[in-house]
Amino acid sequence: MSLSPAEPASNVARGVRHAGIDLVVLLATSIVFACVLTAQLKTERLGWMWPSIPYDYERGDVLVHALLASLAVMPGLVLVGRLACVRRSLRWQDLTFVLATLVVIRLGPPAAQVFGNTWSQWEITAGLFLLQWPIVIPLTLAAVVLRRLIRRMLGPG
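Rules behind the numbers
Residues numbered from 1 in each chain as written. Predicted model: local features only at pLDDT ≥ 70, side-chain atom pairs only at ≥ 80, totals over all residues. Heavy atoms only, no water. Axes fitted to C-alpha atoms, helices over the stretch in contact; angles between N-to-C directions. Helix = DSSP H or I, 4+ residues; strand = E, 2+ residues; numbered from the N terminus. Parallel < 35°, antiparallel > 145°, perpendicular 65-115°, else oblique. Left-handed = near helix turned anticlockwise from the far one by under 90°. Contact = heavy atoms within 4.5 Å. Nonpolar A, V, L, I, M, F, W, Y, C, P; charged D, E, K, R; others polar. Core = buried A, V, L, I, M, F, W, Y, C linked by side-chain atoms within 4.5 Å. Buried < 20%, exposed > 50% of the residue type's maximum accessible area, 1.4 Å probe, protein only. Expected span 1.5 Å × (residues − 1). Polar contact = N/O pair within 3.5 Å; in protein donor to acceptor, adjacent residues only side chain to side chain. 1 Å grid on protein atoms, 1.4 Å probe; cavity = no way out; pocket = protein on both sides within 12 Å on 5 of 7 lines; lining within 4 Å. Points joined across faces, edges and corners; volume = space filled by probe spheres on them.

Moving on, we come to the packing of helix α2 (residues 59–81) against helix α4 (residues 90–107). Between α2 and α4, whose axes approach to 9 Å, the crossing angle comes to 160°. In terms of their interaxial angle, α2 and α4 are classed as roughly antiparallel. Considering the relative orientation of α2 and α4, their crossing is right-handed. Seen from α2, the contacting residues are A69, S70, V73, L77 and V80; seen from α4, they are T96, F97, A100, V103, V104 and L107. By residue class, the composition of the contact of α2 with α4 is nine nonpolar, two polar and no charged.

As structure tokens, this is what we get:
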């Protein structure tokens, strides 16, 4: 693990750009999950519905929760990404991003109160995350592919 303070400016710029890409993809993934899950639970079919409770939980709250969940995961993702074995292997990079995405999906929106007031932490994890694997798995894979595509389009430097 190289934490040299004299890293070349291009490595620092690349690291900042990669972290920015990761943050945007995690944020988007969290918002998409919240909206698709809300549509699934409220209409019993896939779709898009902003989670909300009138006067209590609105669109801005969804965005803030998604951003906070994404920001909470970023330090760990950046630190793990600095490990030599992760930097050298696309598989390890993808695996760490999969784990980060799963954590963001679990921590981010929607607030459980959108679907009722009596949720324990385990019920939130089970009902709004684990049992939603038909949404979580494809969304996580799409996030990894999107991240790779964006990084490839922007080039190595």
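Read on, since the account is not over.
The next point concerns the nonpolar core. Core analysis: the largest hydrophobic core is formed by twelve residues, namely I21, V25, L26, A69, V73, M74, L77, F97, A100, V104, A143 and V144. Here the element with the most residues in this core is α2; it accounts for four residues. Excluding residues that lie within four positions of it along the chain, L77 makes contacts with D22, L26, T96, F97 and A100.

The end-to-end C-alpha separation of α4 is 25 Å, in line with the 26 Å expected for 18 residues at 1.5 Å each. Listed in full, the buried residues belonging to α4 are Q93, D94, T96, F97, A100, T101, V104 and I105. The opening residue of α4, the one whose side-chain oxygen lies 3.3 Å from the backbone nitrogen of R91, is S89.

Glancing now at the layout of surface pockets. Rolled over the atoms, a probe as big as a water molecule pinpoints where empty space is left. Considering only enclosed or pocket space, the second largest pocket measures out at about 200 Å³ in volume. Contributing to the lining of the second largest pocket are 14 residues, with R106, L107, G108, P110 and I124 lying nearest its centre. Within the residue set of the lining of the second largest pocket, elements represented by two or more residues are α4 and α5 (121–128). Considered class by class, the residues forming the lining of the second largest pocket number ten nonpolar, three polar and one charged.

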